[in-house]
Amino acid sequence: MSAQIIDGKQIAEQIKREVKEGTELLKTTRGVTPGLAFILVGENPASQVYVRMKGKGCEEVGFRSVTEQLPATVSEQTLLEKVNEFNNDPKIHGILVQLPLPKHINEQKVFEAISPGKDVDGFHPINVGRMVVGGPTFKPCTPAGIQELLMRSGNDPAGKHVVIVGRSNIVGKPIANILLQKQAGANAVVTVAHTGAKDLRMYIKTADILIAAIGKAEFITGEMLKEGAVVIDVGINRIDDPAARGGYRLVGDVHFESARHVAKAITPVPGGVGPMTIAMLLSNTLKAARNSSEE
Ligand code: GUN
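Residues numbered from 1 in each chain as written. Predicted model: local features only at pLDDT ≥ 70, side-chain atom pairs only at ≥ 80, totals over all residues. Heavy atoms only, no water.

Asker: Describe the sheet that holds strand S7 (residues 209-212), naming the residues involved and giving the relevant values.
Answerer: Read from one edge of the open sheet, six strands run S1-S11-S8-S7-S5-S6, paired in parallel fashion. The open sheet has two edge strands, strand S1 (4-5) and strand S6 (189-193), and neither has a second partner. Pairing geometry for S1 and strand S11 (residues 265-266), over two bridges, is parallel. Across the sheet, Gln4 pairs through a bridge with Ala265, a residue of S11. (Pairing = 2+ DSSP bridges. Helix = DSSP H or I, 4+ residues; strand = E, 2+ residues; numbered from the N terminus.)

Asker: Lay out the site of the ligand with the relevant residues and their values.
Answerer: Residues in close proximity to the ligand include Leu96, Val97, Gln98, Leu99, Asp121, Phe123 and Ile170, which together make up its full environment. Measuring from a nitrogen atom of the ligand, one finds a backbone N or O atom of Val97 at 2.9 Å. Between the ligand and Asp121, the relevant distance is 2.6 Å, taken from a nitrogen atom to a side-chain nitrogen or oxygen of the residue. Considered on its own, the ligand offers 280 Å² of accessible surface; in the complex 82% of this is hidden by protein. Looking at the shell around the ligand, its residues break down into five nonpolar, one polar and one charged. (Near = heavy atom within 4 Å. Polar contact = N/O pair within 3.5 Å; in protein donor to acceptor, adjacent residues only side chain to side chain. Areas by Shrake-Rupley, 256 points an atom, 1.4 Å probe, with all protein chains shown as cover. Nonpolar A, V, L, I, M, F, W, Y, C, P; charged D, E, K, R; others polar.)

Asker: So what about helix H3 (residues 76-87)? Which residues, and what values?
Answerer: With twelve residues, H3 should reach 16 Å at 1.5 Å per residue; the first-to-last C-alpha distance of 16 Å fits that figure. For H3, the elements touching its buried residues are strand S2 (35-41), strand S3 (64-70), strand S4 (94-97) and helix H4 (107-113). (Expected span 1.5 Å × (residues − 1). Contact = heavy atoms within 4.5 Å.)

Asker: Provide a residue-level description of the packing of aromatic side chains, including the pertinent values.
Answerer: Any aromatic ring pair is given by two values, namely how distant the centres are and how the planes are angled relative to each other. Per the counting criterion, the structure on display carries one aromatic pair. Note on Phe111 and Phe123: the rings are 5.1 Å apart at their centroids and 50° apart in plane angle, and the pair reads as tilted. Linking Phe111 in helix H4 with Phe123 in the loop between H4 and helix H5 (125-132), this pair joins segments that are twelve residues apart in sequence. Across the pair, exposure class does not vary: Phe111 and Phe123 are buried alike. Over the ring of Phe86 we find Lys82, and its NZ or CZ is 5.5 Å from the ring centre. (Phe/Tyr/Trp six-rings, centres within 6.5 Å; stacked < 30°, edge-to-face > 60°. Buried < 20%, exposed > 50% of the residue type's maximum accessible area, 1.4 Å probe, protein only. Lys NZ or Arg CZ within 6 Å of the ring centre and 35° of its normal.)

Asker: An account of empty space enclosed by the protein is requested, with residue identities and associated values reported.
Answerer: The final tally for this structure, using the stated rule, is one cavity of 30 Å³ or more. When its volume is computed, the largest cavity comes out at roughly 30 Å³. Contributing to the lining of the largest cavity are Ile95, Leu96, Val97, Phe111, Ile114, Asp119, Asp121 and Phe123. Ranked by residue count, the leading element in the lining of the largest cavity is S4, at three residues. For the lining of the largest cavity, the per-class residue count stands at six nonpolar, no polar and two charged. (1 Å grid on protein atoms, 1.4 Å probe; cavity = no way out; pocket = protein on both sides within 12 Å on 5 of 7 lines; lining within 4 Å. Points joined across faces, edges and corners; volume = space filled by probe spheres on them.)

Asker: Lay out the pattern of salt bridges in plain terms, naming residues and giving numbers.
Answerer: One pass over the full model with this rule turns up 14 salt bridges. A salt bridge links Arg201 to Glu223, with the nearest nitrogen and oxygen atoms 3.4 Å apart. Of the two residues, Arg201 sits in helix H8 (residues 200-205) while Glu223 sits in the loop between S7 and strand S8 (230-233), which places them 22 residues apart along the sequence. The network of salt bridges with common partners includes Glu13, Lys16, Lys56 and Glu60. (Salt bridge = Lys/Arg side-chain N within 4 Å of Asp/Glu carboxyl O.)

Asker: Tell me about a nonpolar patch on the surface, and please be specific about residues and values.
Answerer: A cluster of nonpolar residues, Val49, Tyr50, Met53, Ile236, Tyr248 and Leu250, forms a patch on the protein surface that exposes about 480 Å² of accessible area. Of all elements in the fold, only helix H2 (45-61) and strand S10 (248-251) reach the threshold of two or more residues within the nonpolar patch. Here the nonpolar patch takes three residues from H2, the largest share from any one element. With respect to the secondary-structure elements, Val49 resides in helix H2. Classification of Val49 as partly exposed rests on a relative accessible area of 36%. (Patch = residues over 30% accessible without salt bridge, like charges linked within 9 Å, V, L, I, M, F, W, Y side chains within 5 Å.)

Asker: Please set out the nonpolar core residue by residue, giving values where relevant.
Answerer: Formed by 48 residues in total, the largest nonpolar core has its most connected members in Ile146, Leu179, Ile211, Ile232 and Val234. Broken down by element, the residue count for this core peaks at ten residues, all from helix H10 (residues 273-294). For Leu179, the contacting residues outside a window of four places in its chain are Gln147, Leu150, Pro157, Val162, Gly185, Ala186, Asn187, Ala188, Val190 and Ile211. (Core = buried A, V, L, I, M, F, W, Y, C linked by side-chain atoms within 4.5 Å.)

Asker: So, the sheet that holds S4: which residues are in play, and what are the values?
Answerer: As summarised here, the arrangement of the three strands in space is S3-S2-S4, forming an open sheet in which the pairing is parallel. With one partner strand each, in any of the chains shown, S3 and S4 form the two edges of the open sheet. Strand-to-strand twist of the sheet, defined as the mean angle between neighbouring strand axes without regard to direction, takes the value 15°. Inspection of the sheet shows S2 paired to S3 by seven bridges, in the parallel sense. (Axes fitted to C-alpha atoms, helices over the stretch in contact; angles between N-to-C directions.)

Asker: Any chance you could break down the pairing of strand S5 (residues 161-165) for me, citing the residues and the numbers?
Answerer: Across the five residues of S5, five count as buried, placing the element largely inside the fold. Because side chains alternate across S5, one face comprises the buried residues His161, Val163 and Val165, and the other comprises Val162 and Ile164, equally buried. Bridge analysis of S5 against S6 gives five bridges, and the strand direction is parallel. Bridge pairing links Ile164 to Val192 in S6. You can see the chain leave S5, run along helix H7 (residues 172-180) and come back into S6, and the turn it takes is right-handed. Across four bridges, S5 lies against S7 in parallel orientation. What sits directly across from Val163, in S7, is Leu210. (Right-handed = clockwise from strand over helix to strand, strands pointing away.)

In structure tokens form, the structure reads like this:
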């Protein structure tokens, strides 16, 4: 058996086309251009790449975007003031503070400073709470992207056993809450497994849909999966590869070659979940801009 390869790049392109159409409509009917502000602290090369890619996404769909680059030594106070400036700027509908932040800055305090209506990452406790109870919210972008990938690839999670490996605040916990809701695109039986499990393999083996968000290169192999599982690989890990340009290549948390012979469907890395995160950020920002013009 060889698995269906779930093409995140193609699905993300489709969502971006939908966002672009929605943006054009918002511009012509209400005169509103969605605006997204990025705050990038320090010089983390991966964060710089992500913010550049997100900015490029904004351009593609017709948004305005601004990037505020702050030094790694910036005080928490200055960062909070910057957030507040964007909160008060009517041309800005979404605010994204790129993670990780330097150790001296309290991440949670920063999330709480963002207006919930501009919190397009969905990290403000009000939005997290609304997500848990199934209310109107901004779903965090990577989990929202996973849900879209499943639905648009014909792998509805309803009634399935979804096993998530990883319990981070930005992937594991939110995707568990989203797929648990008694709503279309969800209604799954959800298990969250993690490094504290006594027998991680036992949980993985029972997954109809496995979501790997561990952060360990090729940790899950084909023989660990249930035959016919749908595999969503959230990992982005660099491994040394002397044959590759730059001396490294990107792999997921799943060993793709062995998994594809056991799985029914699988996302590649790169080109699976990654592009979806940006597409959902744009979708959340359009929603924020629409909401603001309805107030
Ligand atoms: N760093 C890694 N993932 C994310 C994300 O979804 N949002 C932000 N702001 N930073 C991140």
